[in-house]
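# Tertiary structure, described
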Amino acid sequence: MLHYQPIVATTDQRLLGMEALVRWQHPERGLLTPDAFMACAEETGLILPIGAWIVQAACVQAKAWHDAGLFEGSVAVNLSARQLKDPALRSVIISALSESGLDPHFLTIELTEHSLMDNTEATLALLQELRACGISLSIDDFGTGYSSLSYLKRFPVTTVKIDRSFVRDITTDSNDAAITKAIIAMAHSLHLSVVAEGVETGMQLGFLQAHGVDAIQGYVVSKPLPAADIPQLVRRHATTGHSETAPAPTSERLAERVSVMQL
Ligand code: C2E
Ligand code: MG
Ligand code: MG
C-alpha cells in the first residue's frame, strides 16, 4: 500500500504535493516500511511489478484528489536504480498518466544520486523525454552520495531534496549547517528548487526558512499517512491559515502554525 507525506512551501505552508511512500501490510509482522523489504524487492526484480503498481496507484490517487477538489498539488514517486534501467519504464509511466488522466505536470519522479551514477545515454534520453512531457525530476537524499554538480547539469533536474541526515543536526552542528547552506545556494544558482526532508522541529524549520529553502517535508508537518487520512490532513491544513498573498510569517509564527497541523 502507499502512504502519502505532504510537502509544503516554506513561506506560506501552501500544500505543494505529496510523496508516495510504499508500505507492506504484512499479515504477521504488521505494517512494514521499505527498509524491511526494498533490498529484497530489488534483488529479486520484484521491484519492477511493484514499482509499476506504485506509479499507477499514485497517479490514480492524485487525480482522484484533484477531481474531488481536495488539493491541486503534485504527487512524487520514488524510482529505484533497477527501475531506471528497465526498458519498460517509459511505457509504465506514460500509461500510468494516460490511464489515470493525471496531467504530467503533477507528477514528480524522485531519483537518488546513486541510481544516476551508472546512467547511460538511454537513461538521459528517457529523463529528457519525461521532462519534456512536463514531469518534474527531483534528486533525493542529496548530499549523501557524490553530490556531483555534473548530474545536476547533465540531467533535466528540477528539484534537489536535502537529505534528512543534514537537517537533523542543522541547528547544533556547524558542518551540517554549512553543507545545507551550500546546497541551497548551489541549487538556487542553478535555478533548481530545494526541498528539505525530515524536518521535525520548529528550530530546524526556522533555520531552513531563514536560508531560503523552498519547501519542507517532515514530521513537523505530518508523518506519512494512508490515503484515507489525507482529506482530514488537508482540511486541517487549510484552517491553519496559509495564504498565497500574505507576507511571509516569522519562523516562530510558522513553527506555531505548523505545529497546529501535527497529528
Ligand atoms: P525517501 O524517499 O528519502 O523518503 C523519506 C523517508 O523519510 C521516508 O521513509 C519518510 O517516512 C521518512 N521521513 C519523512 N519525514 C521524516 C521526519 O521528519 N523524521 C524522520 N525520522 N523520518 C522522516 P520511508 O517511508 O521509510 O522510506 C525510506 C526510503 O525508502 C525512501 O526514502 C525511499 O528511498 C524508499 N522508498 C519509499 N517508498 C518507495 C517507493 O515507492 N519506491 C521506491 N523505489 N523506493 C521507495
Ligand atoms: Mg523520496
Ligand atoms: Mg530522501
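In what follows, the structure referred to is the one given above.
Cut-off values and rules
Residues numbered from 1 in each chain as written. Chains lettered and ligands numbered in written order. Predicted model: local features only at pLDDT ≥ 70, side-chain atom pairs only at ≥ 80, totals over all residues. Heavy atoms only, no water. Helix = DSSP H or I, 4+ residues; strand = E, 2+ residues; numbered from the N terminus. Rg over C-alpha atoms; globule rule 2.2 N^0.38 Å. Buried < 20%, exposed > 50% of the residue type's maximum accessible area, 1.4 Å probe, protein only. Contact = heavy atoms within 4.5 Å. Areas by Shrake-Rupley, 256 points an atom, 1.4 Å probe, with all protein chains shown as cover. Donors = N, O, S within 2.8 Å, 3.2 Å for Na, K, Ca; no water. Axes fitted to C-alpha atoms, helices over the stretch in contact; angles between N-to-C directions. Parallel < 35°, antiparallel > 145°, perpendicular 65-115°, else oblique. Left-handed = near helix turned anticlockwise from the far one by under 90°. Nonpolar A, V, L, I, M, F, W, Y, C, P; charged D, E, K, R; others polar. Near = heavy atom within 4 Å. Polar contact = N/O pair within 3.5 Å; in protein donor to acceptor, adjacent residues only side chain to side chain. 1 Å grid on protein atoms, 1.4 Å probe; cavity = no way out; pocket = protein on both sides within 12 Å on 5 of 7 lines; lining within 4 Å. Sits in = over half its atoms within 2 Å of the grid points. Points joined across faces, edges and corners; volume = space filled by probe spheres on them. Pairing = 2+ DSSP bridges. Core = buried A, V, L, I, M, F, W, Y, C linked by side-chain atoms within 4.5 Å.

### Quick word on the overall build of the protein
Secondary structure summary: the protein contains 12 helices and 11 strands in total. A globule of 263 residues ought to have a C-alpha radius of gyration of about 18 Å, and the protein, at 18 Å, matches this closely. Its C-alpha atoms give the protein principal-axis dimensions of about 50 × 40 × 40 Å. Burial statistics for the protein: of 263 residues in total, 50% are counted as buried. Taking as baseline every contact in the protein between residues at least 6 positions apart, the subset at least 24 positions apart corresponds to 67%. When the accessible surface of the protein is summed, it comes to about 12,200 Å², and 55% of that surface belongs to carbon and sulfur atoms.

### Observations concerning the coordination of the magnesium ion (ligand 2)
Of the protein atoms, only E19 (OE), N78 (OD1), E110 (OE) and D140 (OD) coordinate the magnesium ion (ligand 2), at distances of 2.0 to 2.2 Å. Between the magnesium ion (ligand 2) and the magnesium ion (ligand 3) the interatomic distance comes to 4.3 Å, and D140 is a ligand of both metals. Of this pair, E19 sits in strand β2 (residues 15-22) while E110 sits in strand β6 (residues 107-112), placing them 91 residues apart in sequence. Given the relative accessible area of 2%, E110 is considered buried.

### Considerations on the packing of helix α2 (residues 47-67) against helix α4 (residues 89-100)
Interaxial distance between α2 and α4 falls to 9 Å at its minimum, and their mutual angle equals 30°. As the angle between them shows, α2 and α4 are arranged roughly parallel. The hand of the α2/α4 crossing is right-handed. Here α2 contributes A52, V55, Q56, C59, V60 and K63 to the contact with α4, which in turn contributes V92, I93, A96, L97, E99 and S100. Residue composition of the contact of α2 with α4, grouped by class: 8 nonpolar, 2 polar and 2 charged.

### Description of the site of ligand 1
Within the structure, ligand 1 sits among 24 residues, and R23, D140, R164, E200 and Y219 are positioned closest to it. D140 places a polar side-chain atom, nitrogen or oxygen, 2.8 Å from an oxygen atom of ligand 1. Between ligand 1 and E197, the relevant distance is 3.1 Å, taken from an oxygen atom to a side-chain nitrogen or oxygen of the residue. Relative to its free-state accessible area of 790 Å², ligand 1 is covered by the protein chains to the extent of 83%. A molecule is said to occupy a pocket when more than half its atoms come within 2 Å of that pocket's grid points, and by this definition ligand 1 occupies the largest pocket.

### Concerning the layout of surface pockets
Its boundaries defined by the atoms lining it, the largest pocket holds a volume of some 1,100 Å³. If you go around the largest pocket, you meet 36 residues; those closest to its centre are E19, L21, P34, N78 and D140. Mapped by element, the contributors of at least two residues to the lining of the largest pocket are β2, α1 (38-44), α2, α3 (81-84), β6, α5 (113-117) and β7 (136-142). For the lining of the largest pocket, the element with the highest residue contribution is β2, accounting for 4 residues. Of the pockets and cavities examined, the second largest pocket occupies roughly 340 Å³. Along its surface, the second largest pocket is lined by 22 residues, and L16, S74, T108, T159 and V195 are the ones closest to its centre. Taken together, the elements giving at least two residues each to the lining of the second largest pocket come down to β2, β5 (74-78), β6, β7, β8 (159-162) and β9 (193-196). Per-element accounting of the lining of the second largest pocket gives the leading share, 4 residues, to β2. Across the lining of the second largest pocket, the residue classes break down as 9 nonpolar, 10 polar and 3 charged.

### Regarding the coordination of the magnesium ion (ligand 3)
Coordination of the magnesium ion (ligand 3) by the protein is provided by D140 (OD), D141 (OD), E197 (OE) and E197 (OE), with metal-donor distances spanning 2.0 to 2.3 Å. Ordering the donors of the magnesium ion (ligand 3) by residue number gives the pattern D-D-x55-E. Take D140: its relative accessible area is 7%, and that puts it in the buried class.

### Structural notes on the pairing of β2
Buried residues dominate β2, accounting for 7 of its 8 residues. Connecting the antiparallel pair strand β1 (residues 2-9) and β2 is a turn made up of 5 residues, with Q13 showing a positive phi of about 60°. As paired strands, β2 and β5 are joined by 4 bridges and run parallel to one another. Residue M18 lies in a different strand from β5, and its bridge partner there is V75.

### Some details on the nonpolar core
Y4, M18, I93, L107, L208, I216 and I230 are the most contacted members of the largest nonpolar core, which has 69 residues in total. Here the element with the most residues in this core is α2; it accounts for 7 residues.

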